[in-house]
Amino acid sequence: MSQPGPQARGSTVRAALEAALAEAPEAGLTARELSAAVGISEKDVAEHLVHLDKSLKALGGRLQVVPAECLACGFVFRDRTRFTRPGACPKCRATRIDPPAFRLGH
Ligand SMILES: [Zn+2]
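In what follows, the accompanying structure is described. None of these values were measured; they are calculated from a predicted model.

### Thoughts on the overall build of the protein
- The secondary structure content of the protein amounts to 3 helices and 5 strands.
- By principal-axis analysis of the C-alpha atoms, the protein measures approximately 50 × 25 × 20 Å.
- Here the protein holds 106 residues, and the buried ones make up 32% of them.
- Counting contacts in the protein only where the partners sit at least 6 residues apart, residues at least 24 apart contribute 56% of the total.
- Positive and negative side-chain charges in the protein, numbering 15 and 11 respectively, have mean positions lying 7 Å apart.

Laid out in structure tokens, this is it:
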């Protein structure tokens with residue numbers, strides 16, 4: 001196998017993320033699950049999702065975010081548009097947060 005350049009590697013990772021997301025059309029996948037599926041860090045997943053969202057939009061689709069939810073009080077992070085996990089609940093300050101999940105939208 002030849003070594004792909006950085007650019008090729010980026011699009012390969014995004015294709016792998018998209019393929020993983022296509023396998024979970026209902027519940028979606030969290031950054032942690034995507035990280036395990038594709039073999040990159042959760043931080044890198046968030047970065048690649050930003051680019052994947054852009055390329056999906058260019059094709060008339062989008063990346064849907066299933067909002068994160070506070071496990072202590074049930075607060076739903078509806079307004080959150082970033083692809084990373086929130087640190088703490090703004091309502092009760094709990095840090096046990098059910099992370100956002102991502103799925104392919106149309
Ligand atoms: Zn809370």
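### Things to note about the pairing of strand S5 (residues 101-105)
- Where strand S1 (residues 29-30) lies against S5, 2 bridges are found, and the strand directions are antiparallel. Bridge pairing links Thr30 to Ala101 in S5.
- Bridge count between strand S2 (residues 62-66) and S5: 5 bridges; the pairing is antiparallel. Each bridged residue has a counterpart across the sheet, and for Val66 the counterpart in S5 is Ala101.

### Here we look at the coordination of the zinc ion
- Coordination of the zinc ion by the protein involves Cys70 (SG), Cys73 (SG), Cys89 (SG) and Cys92 (SG), with metal-donor separations of 2.3 to 2.4 Å.
- Taken together, the 4 donor atoms coordinating the zinc ion and their angles of 105 to 114° define a geometry best described as tetrahedral.
- Counting along the primary sequence, the residues that act as donors to the zinc ion give the motif C-x2-C-x15-C-x2-C.
- When its relative accessible area of 2% is taken as the criterion, Cys70 is described as buried.

### Some words on the sheet that holds S1
- Pairing is antiparallel in the open sheet, where 3 strands are placed in the order S1-S5-S2. Single-partner strands in this sheet number two, and they are S1 and S2.
- The sheet contacts of helix H3 (residues 42-58) involve S2 and S5, and relative to S2 the element is tilted by about 130°.

### Remarks on the nonpolar core
- Counting 17 residues, the largest nonpolar core has Leu21, Leu34, Leu49, Leu63 and Phe102 as the members making the most contacts within it.
- Listed by contribution, the elements that provide at least two residues to this core are helix H1 (6-22), helix H2 (31-38) and H3.
- Tallying contributions element by element places H3 first for this core, with 5 residues.
- Ignoring any residue separated from it by four or fewer positions in sequence, one finds Phe102 in contact with Leu21, Gly28, Leu29, Thr30, Ala31, Leu34, Leu49, Leu63, Gln64, Val65 and Phe83.
- Core analysis: the second largest hydrophobic core is formed by 6 residues, Ala68, Cys70, Ala94 and Ile97 among them.

### So, the packing of aromatic side chains
- Overall, the coordinates contain 1 aromatic pair when judged by the stated rule.
- A centroid spacing of 5.0 Å and a plane angle of 85° characterise the contact between Phe75 and Phe77, whose relative ring orientation is edge-to-face.
- For Phe75, a relative accessible area of 26% translates into the label partly exposed.
- Phe77 gets classed as buried once you look at its relative accessible area, which sits at 8%.

The rules we used
- Residues numbered from 1 in each chain as written.
- Predicted model: local features only at pLDDT ≥ 70, side-chain atom pairs only at ≥ 80, totals over all residues.
- Heavy atoms only, no water.
- Helix = DSSP H or I, 4+ residues; strand = E, 2+ residues; numbered from the N terminus.
- Buried < 20%, exposed > 50% of the residue type's maximum accessible area, 1.4 Å probe, protein only.
- Contact = heavy atoms within 4.5 Å.
- Lys, Arg positive; Asp, Glu negative; His and termini not counted.
- Charge placed at Lys NZ, Arg CZ, Asp CG, Glu CD.
- Pairing = 2+ DSSP bridges.
- Donors = N, O, S within 2.8 Å, 3.2 Å for Na, K, Ca; no water.
- Tetrahedral: all angles 85-135°; square planar, octahedral: opposite > 155°, others 65-115°.
- Axes fitted to C-alpha atoms, helices over the stretch in contact; angles between N-to-C directions.
- Core = buried A, V, L, I, M, F, W, Y, C linked by side-chain atoms within 4.5 Å.
- Phe/Tyr/Trp six-rings, centres within 6.5 Å; stacked < 30°, edge-to-face > 60°.

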